[in-house]
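Below are the chains, spelled out letter by letter.
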Amino acid sequence: MTVHLEVADGVGTIRLDRPPMNALDVATQDRLRELAEEAGRRDDVRAVVLWGGEKVFAAGADIKEMQAMDHAAMVVRSKALQDSFTAVARLPKPVVAAVTGYALGGGCELALCADFRIAAENAKLGQPEILLGLIPGAGGTQRLARLVGPSKAKDLIFTGRHVKADEALAIGLVDRVVPADEVYAQAHAWAALLASGPALALRAAKESVDAGLETDIDTGLTIERNWFAGLFATEDREIGMRSFVEEGPGKAKFL
């Protein structure tokens, strides 16, 4: 298998494993969707880390495989490609990308599906599809623009250039830059911290932010209001408020 799901301490690590560069061929895309859906269902997975290994996150699609596809084949395949990445983006749990080495093309698009991105000092990110006479096809034109703004997104997409970790941090493409040998540990620690939180409230927070970005402010406020009120029916809300009253803030232990 080219993608694995490993679970420890409430954190599920979705690990790309297709040496040497984790090229995202059709089989890898489909396996990624399967494991994202599995992680979403499993109660023992409360947060997720996306990880490509110590050397590279993912250097993009399998170009040789794509070269063999004609227009008719890609009309069919492009929806499945997007669905694989959307399955990661819509995980109802916090997702942290641990980015080492190259995260290019589909690799960058996969990192964009996470809620947080922790990058190695040696990381390079970009959307070089324009150099192939293409545009990003796994969400890059949409998620990148929403994350860093349309002007910076167009800079990267129009030129196909790579950005190093420091520039990625400056434009908001990644959230933290750390030494390469600390990337996974820090991503896992951050995910484990989130995994100890109230699962339903975290799900509500993620959906409220993500769904709200896709609509007008009034509809977004309705989404927020419905989730906010609904959480008053949960045991986590009872635990959190009781702990606050009896012990003070930040000491609740959620189930």
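For the structure itself, look to the data block above.
In what follows, the accompanying structure is described. (Residues numbered from 1 in each chain as written. Predicted model: local features only at pLDDT ≥ 70, side-chain atom pairs only at ≥ 80, totals over all residues. Heavy atoms only, no water.)

1. Things to note about the sheet that holds strand E8 (residues 162-164)
Now for step 1: Reading across the sheet, the 3 strands line up as E5-E7-E8 and stay open at both edges, with mixed pairing between neighbours. Every interior strand has two partners, whereas the edge strands, strand E5 (102-104) and E8, have only one. Averaged over neighbouring strand pairs, the angle between their axes works out to 20 degrees when direction is ignored.
Now for step 2: Note that E5 and strand E7 (residues 124-126) share 3 bridges and pair parallel. Paired with Tyr-102 across the two strands is Lys-124, which belongs to E7. (Pairing = 2+ DSSP bridges. Helix = DSSP H or I, 4+ residues; strand = E, 2+ residues; numbered from the N terminus. Axes fitted to C-alpha atoms, helices over the stretch in contact; angles between N-to-C directions.)

2. Some words on a nonpolar patch on the surface
Now for step 1: Residues Ile-63, Leu-132 and Leu-134 make up a contiguous nonpolar surface patch of about 260 Å² in total accessible area.
Now for step 2: Looking at where Leu-134 falls in the secondary structure, it is placed in the loop between E7 and helix H5 (140-148). (Patch = residues over 30% accessible without salt bridge, like charges linked within 9 Å, V, L, I, M, F, W, Y side chains within 5 Å. Areas by Shrake-Rupley, 256 points an atom, 1.4 Å probe, with all protein chains shown as cover. Salt bridge = Lys/Arg side-chain N within 4 Å of Asp/Glu carboxyl O.)

3. Brief notes about the environment of Gly-60
Now for step 1: Within the secondary structure, Gly-60 sits in the loop between strand E3 (47-51) and helix H2 (63-67).
Now for step 2: In this structure Gly-60 comes out as buried when scored by relative accessible area, which is 4%. (Buried < 20%, exposed > 50% of the residue type's maximum accessible area, 1.4 Å probe, protein only.)

4. A few points about the sheet that holds E3
Now for step 1: Reading across the sheet, the 6 strands line up as E1-E2-E3-E4-E6-E9 and stay open at both edges, with mixed pairing between neighbours. What marks the edges here is a single partner per strand, and that holds for strand E1 (3-8) and strand E9 (176-178). Here the average twist between neighbouring strands, direction ignored, is 20 degrees.
Now for step 2: Bridging between strand E6 (residues 116-120) and E9 involves 3 bridges; their strand directions are parallel. Bridge assignment links Ile-118 to a residue of E9, and that residue is Arg-176.

5. What to know about the nonpolar core
Soluble globular proteins: nonpolar side chains tend toward being buried together.
Now for step 1: Counting 45 residues, the largest nonpolar core has Leu-50, Phe-57, Leu-125 and Leu-173 as the members making the most contacts within it.
Now for step 2: With 5 residues, helix H3 (residues 71-89) is the single largest residue contributor to this core. (Core = buried A, V, L, I, M, F, W, Y, C linked by side-chain atoms within 4.5 Å.)

6. Topic: the pattern of salt bridges
Now for step 1: Scanning the model with the defined rule gives 13 salt bridges in all.
Now for step 2: Arg-161 is the partner of Asp-155 in a salt bridge, and the nearest nitrogen-oxygen pair spans 2.8 Å.
Now for step 3: Counted as one network, the salt bridges with shared partners bring together Asp-30, Arg-33, Glu-37 and Arg-77.

7. Digging into the side chain of Ser-208
Now for step 1: Note on placement: Ser-208 falls in helix H9 (residues 199-213).
Now for step 2: Look at Ser-208 and you get buried, because its relative accessible area is 16%.
Now for step 3: Leaving out residues up to four positions away in the same chain, Ser-208 has contacts with Ile-223, Glu-224 and Trp-227. (Contact = heavy atoms within 4.5 Å.)

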